[in-house]
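As a plain string of letters, each chain reads:
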Amino acid sequence: MLADTVLAVMWLGLMCYALFAGADFGAGLWDLVAGGSRRGRPQRALIEHAIGPVWEANHVWLIFVVVMLWSGFPGVFAAVMSTLYLPLTLAALGIIARGAAFAFRKASTQLWQQRLFGACFATSSVVTPFFLGTVAGGVASGRVPPGLAAGSTVTSWLNPASFLGGVLAVVTCAHLAAVYLCADAARGGGPDLVRAFQRRALVSGLAAGAVALVGIAVLHADAPRLFHGLTHRALPLVVLSAVTGVAGLVLLMRSLWGWARTAAALAVALIVWAWGLAQYPLMLVPDLTVARAAAPPSVLAAVLIVFAVGALLLIPSLGWLYALFQRPGTGAAAGAEDTR
Amino acid sequence: MPAVDQHPWPQAAAAVRDWLAGPATSGDLAAARAQMGFSLAWHIVVACLGVGLPLLTLIAEWWGVRTGDPSYRLLARRWARAMGVLFAVGAVSGTILSFEMGLLWPGLMGRYGQVIGVPFAIEGIAFFIEAIFLGIYLYAWDRLPPRVHMLTALPIIIAGVASAFFVVCANAWMNQPRGFTVRHGRVVDVDPLAAMFNPASPPQTVHMILAALMVASFLTASVYAVSLLRGRNDRYHRAGFFIPFVLGAVVSPVQLVVGDWIARFVADFQPVKLAAMEGVFTTSSHVPLTVGGIAGDHGLKGGLEIPNGLSLLVGFSPSTVVEGLNQVPPAQRPPITGTHLAFDLMVLGGLFLIGLGVWLLLAWWRTRRRGESDPLARRGTRLFLWLASFSGPAAVVSLECGWVVTEEGRQPWVVQGVLSVRDAVNPAPGLMTGLWLVLVVYAAMTVATVYVLRRLAGERPVPVAPQEADVTGYPVV
């Protein structure tokens, strides 16, 4: 019971990482394809403005998941990290390049620097979710056995299911970002910008749907166990995700940005939970269950207490952060200070 | 290496694997240690700035709001911009470390991740709070009234210190493992609180937090010492020098006392580490304190010896017995020369910083006595500023050396007496490739960080929201 709770909390963190940091990654992808430095300027400015204050907080969800995994399920952490260390190293390098370059670009004023750091930020925003997706694919398709580096260091992530995971992660991030950015553009970007992101959101949404359809065939052939879980126990979640995904596209076409945002986020969240439900109670194939992989109850309880107390501090703080930057800044406060 | 895979890719897989690396070798252990050491050494400096710089920035902002002096407000904004960049690189280099714990040391994490999970979980929460309020502090400069804005710096400072505390608790556990039992090869009876608050936690955390304040203070001060030396002797640069330097000068002597505390602790709890630090080969009384020197077969060679010095330091009496390296078999002894020289260099750096603080105190006292107003107008100021411009690098060298002492002095153990590095390392092949990749990326990141920080220092006007180059409506200067 304790172990299941810790797993659920960790999965909640994974969902938050997908929904928040995923959108930041996707924004990087749109930054990459925004066009030349003159044509792409308004889009890049909007992206920078939207993710600047929040990306670091969003990024922490990853650390949260990693720490929950090693505290709650140390054997699983060791097995995943040691077997999949190649894609994880590449993802880690992508994380470095992305975060650092984003901060550097904000701090630089010359065009060539902004281009260099911008390209670095945008490219790594695509590379990182791809490799994280291959990791998810490797675990979900049962290629990470328990033990230190017990799986193949190569085929554990160079395989159809991992490739599907990588592509799906990139496309989903792109879709989330575009949908979120529609609302941001509507608030202060002008009609051209809104239309641009509306088009992108629709295209990426359709692409995500197409990848998911192809994915059904891939999983059927490559990961029968996961396929069985997704088409049986987790089927309601999968269907609901598809429905909300389609509904999101309809809402997008009707320019209902807030609702489209909710629908897109829901579709992604449902897929994350569908994966969890399809695999439960198995953490690692062939036979490592949640109960067997879990740390002793003393540790699980302590971790949960830390999380509960942390949530009391974090939820209002996060709420304030998002609220503060979801409304237009007036500059009045600082102006008052300066004229004194 | 057992390949568990049912799919028809073995040939391609083997080709890729051969291209990346052969089977795991002992060179891979060295590579893993080098990679961990390198990325930690990098992160630790940025993390120290992350602990200290928010405090300095808040002091400057508070003083600026109180006095209305634009110099201080300009300083606060400059430091806030630097903080934004440093926090970003600190956040990502810290994430890499959490990855590397598993990528490089799955043998440690797979068994003991649960034991030290709680301090890391709390650190994660603290880091989260830091990131949230940093976002608010950096970006809401023009969205919040000045007083509220200053209050948003407090959670950053508190969470920064808390992060340092809990992370160092986890490191302290590696020196003094507590809170678990190994029964039939399994880790049982885990008590996360006992693990977190192990005997090494108090001295190590205090030592580290003070070190972080020193590094942030002196690094910032040395930047402005250089400006003052170049003749930019105005309010702005003087404030930029004095705020951090005074903080650093106040902390340094306290650090001396804490340093003594932690050395005594090591003598009691990790005698082999102390023996390596001080180069004590055989257990005896009347042990001299040896400064410098290189390990020979039976003792340190070429060092300066102070008779009975170490016995006096450890037990206040020449007849105090100090345990030597001969307490453990040769295979369990840490590298002596490196640990000893790092320890001496750390102490030397600390004494240099204390000396600088005393110098400024004397200069200030003399100017007061003569009714003058400016301690920097005295003779010898140039020499003082010249030395002070090295205070930042000296603090960093001391920091790195202190960390080398902690980690090298524990070798060959990753968890003292419980788990060796050899048993902790990832058995997968190709760690050497990872090391080269990481080295290249960190080198690029270092160059870019230094370059961007230098550019930020010269930029005018400073935008009102420090991270928003496009908000130029409310410049200070």
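Residues numbered from 1 in each chain as written. Chains lettered and ligands numbered in written order. Predicted model: local features only at pLDDT ≥ 70, side-chain atom pairs only at ≥ 80, totals over all residues.

**Quick look at the overall build of chain A**
The condition is simple: Secondary structure elements follow DSSP: runs of H or I no shorter than four residues count as helices, runs of E no shorter than two count as strands, and numbering proceeds from the N terminus. Put simply, the radius of gyration uses C-alpha atoms, and a globule should come to 2.2 Å times the residue count raised to 0.38. Every C-beta atom is placed from the backbone, and the number of other C-beta atoms within 10 Å of a residue's own sets its class: buried at 20 or more, exposed at 12 or fewer, partly exposed in between. Working definition of a contact: two residues with C-beta atoms, positioned from the backbone, lying within 7 Å.
Looking only at helices and strands, chain A has 14 helices and 2 strands in total. In terms of overall size, chain A behaves like a compact globule, its C-alpha atoms giving a radius of gyration of 21 Å where 340 residues would be expected to give roughly 20 Å. Its C-alpha atoms give chain A principal-axis dimensions of about 65 × 45 × 35 Å. By residue count, 63% of the 340 residues in chain A fall in the buried class. Long-range pairs, those at least 24 residues apart, make up 79% of the contacts in chain A between residues at least 6 apart in sequence.

**Some details on the overall build of chain B**
Per the secondary structure count, chain B includes 17 helices and 8 strands. Computed over its C-alpha atoms, the radius of gyration of chain B comes to 25 Å, within 12% of the 23 Å expected for a compact globule of 477 residues. Over its C-alpha atoms, taken along the principal directions, chain B stretches across nearly 70 × 70 × 40 Å. Within chain B, the proportion of its 477 residues that are buried is 53%. Within chain B, residue pairs in contact and separated by at least 24 positions form 75% of the contacts whose partners lie at least 6 positions apart.

**Details of the confidence of the model for chain B**
Detailed reading of the predicted coordinates is not advisable wherever pLDDT is low. All names here are of chain B. The cut-off we apply is this: Scored from 0 to 100, pLDDT reflects the predictor's confidence in each residue.
Here chain B shows a mean pLDDT of 85. Residues at 70 or above account for 90%. In this model residues 1-6 is a low-confidence stretch, pLDDT under 50, and it forms 10 contacts with partners more than four residues away in sequence or in other chains. Low pLDDT, under 50, characterises residues 464-477; the stretch is placed with 53 contacts to residues that sit more than four places away or in other chains. Listed scores for the predicted complex are pTM 0.87 and ipTM 0.85.

**A look at the environment of B:Ala172**
Residue and element names in this part refer to chain B. Tracing the backbone through its elements, the reader meets Ala172 in helix H7 (residues 153-175). In this structure Ala172 comes out as buried when scored by C-beta crowding, with 26 C-beta atoms within 10 Å. Beyond its immediate sequence surroundings of up to four residues, Ala172 is in contact with Asn198, Ala200, Ser201 and Gln204.

**Let's talk about the nonpolar core**
Just so we agree on the cut-off: For this entry, the nonpolar core is defined as buried Ala, Val, Leu, Ile, Met, Phe, Trp, Tyr and Cys residues connected by C-beta atoms within 7 Å.
Formed by 268 residues in total, the largest nonpolar core has its most connected members in A:Ala100, A:Ala177, A:Leu181, B:Cys48 and B:Val215. The leading source of residues in this core is helix H3 (residues 70-104) of chain B, at 21 residues. Residues contacting A:Ala100, with those up to four places away along its chain left out, are B:Ala88, B:Val89, B:Val92, B:Met445 and B:Ala448. Counting residues in hydrophobic clusters, the runner-up holds 26 residues, among them B:Val314, B:Leu325, B:Leu341 and B:Ala342.

**With respect to the packing of helix H1 (residues 2-32) of chain A against helix H11 (residues 257-279) of chain A**
All names here are of chain A. Condition: Throughout, an axis means a line fitted to C-alpha atoms (over the contacting stretch in the case of helices), and angles, computed between N-to-C directions, take values from 0 to 180 degrees. By definition, turning the near helix anticlockwise from the far helix through less than a right angle yields a left-handed crossing, and turning it clockwise yields a right-handed one. Amino acids are sorted into nonpolar (Ala, Val, Leu, Ile, Met, Phe, Trp, Tyr, Cys and Pro), charged (Asp, Glu, Lys and Arg) and polar (every other residue, Gly among them).
Their axes nearest at 10 Å, the elements H1 and H11 cross at an angle of 145°. Here H1 and H11 pass one another in a crossing that is right-handed. Contact residues: H1 offers Trp11, Leu14, Met15, Ala18 and Leu19, while H11 offers Ala265, Val268, Ala269, Val272, Trp273 and Gly276. For the contact of H1 with H11, the class distribution of residues is 10 nonpolar, 1 polar and no charged.

**Considerations on helix H5 (residues 85-107) of chain A**
Keep this limit in mind: Here the expected length of a helix is defined as 1.5 Å per residue gap, with one fewer gap than residues.
The first and last C-alpha atoms of H5(A) sit 33 Å apart over 23 residues, in line with the 33 Å expected at 1.5 Å per residue. Extensive coverage of H5(A) is indicated by the burial of 23 of its 23 residues.

**Quick notes on the interface of chain B and chain A**
The interface is formed by 77 residues belonging to chain B together with 73 residues belonging to chain A. Those elements that provide at least two residues to the side of chain B that touches chain A are helix H1 (10-20), H3, helix H4 (106-112), helix H5 (117-139) and helix H17 (431-457) of chain B. The element best represented in the side of chain B that touches chain A is H5(B), accounting for 17 residues. A class-by-class count of the residues in the side of chain B that touches chain A yields 50 nonpolar, 18 polar and 9 charged.

**Observations concerning the confidence of the model for chain A**
Looking at chain A as a whole, its pLDDT mean stands at 85, while 96% of the residues score no less than 70. Between residues 330-340 of chain A, whose pLDDT stays under 50, and residues either more than four places distant or in other chains, the model counts 15 contacts.

**Observations regarding unusual backbone geometry**
Residue A:Tyr280 is joined to A:Pro281 through a cis peptide bond whose omega torsion reads 0°. Within the secondary structure, A:Pro281 is located in the loop between H11 and strand E1 (282-284). Residue B:Gln411 is joined to B:Pro412 through a cis peptide bond whose omega torsion reads 0°. Tracing the chain through its elements places B:Pro412 in the loop between helix H15 (391-408) and strand E7 (413-415). Its identity as a non-glycine residue notwithstanding, A:Ser255 has a phi of 60°, on the positive side. Residues other than glycine seldom take positive phi values, yet B:His286 does so here, at roughly 50°.

**Looking at H5(B)**
Its 23 residues give H5(B) an end-to-end C-alpha distance of 33 Å, which sits within 8% of 33 Å, the value for a rise of 1.5 Å per residue. For H5(B), the buried fraction is high: 23 of the 23 residues fall into the buried class.

**Re the packing of H1(A) against helix H13 (residues 297-326) of chain A**
Residues and elements named next belong to chain A. Convention followed: Should an angle lie under 35 degrees it is considered roughly parallel, over 145 roughly antiparallel, and from 65 to 115 roughly perpendicular; all remaining angles are considered oblique.
For the pair H1 and H13, the least separation of the axes is 10 Å and the interaxial angle reads 40°. Relative to H13, H1 is oriented oblique. Considering how the two elements wind past one another, H1 and H13 form a crossing that is left-handed. Here Leu2, Ala3, Thr5, Val6 and Val9 of H1 lie close against H13, whose contacting residues are Pro297, Leu300, Ala301, Val303, Leu304 and Phe307.

**As for the environment of B:Val246**
All names here are of chain B. Inspection of the secondary structure assignment puts Val246 in helix H10 (residues 235-269). Exposure remark for Val246: the 17 C-beta atoms within 10 Å place this residue in the partly exposed category. Taking the C-alpha atoms as reference points, Val246 and Val187, separated by 59 residues in sequence, lie 48 Å from one another.

**Quick word on the UniProt feature "transmembrane region" (unreviewed entry) in chain A**
Residues and elements named next belong to chain A. As a reminder, the rule being used: UniProt positions are given in the numbering used here, feature names are shortened, and annotations may be inferred rather than shown by experiment.
The UniProt record annotates "transmembrane region" (unreviewed entry) at residues 6-33, 85-104, 116-141, 161-181, 201-221, 233-252, 259-278 and 298-325. Secondary structure over residues 161-181 splits into 100% helix and 0% strand, and the C-alpha atoms at its two ends are 30 Å apart. The distance from the first to the last C-alpha atom of residues 259-278 is 28 Å, and the span holds 100% helix and 0% strand.

**Here we look at the environment of A:Gly40**
All names here are of chain A. For Gly40, the location among the structural elements is in the loop between H1 and helix H2 (41-51). According to the C-beta neighbour criterion, Gly40 is partly exposed, with 17 such atoms within 10 Å. Between the C-alpha atom of Gly40 and that of Val303, which follows or precedes it by 263 residues, the distance is 45 Å. Non-local contacts of Gly40, meaning those with residues more than four positions away in its chain, are made with Ala34 and Gly35.

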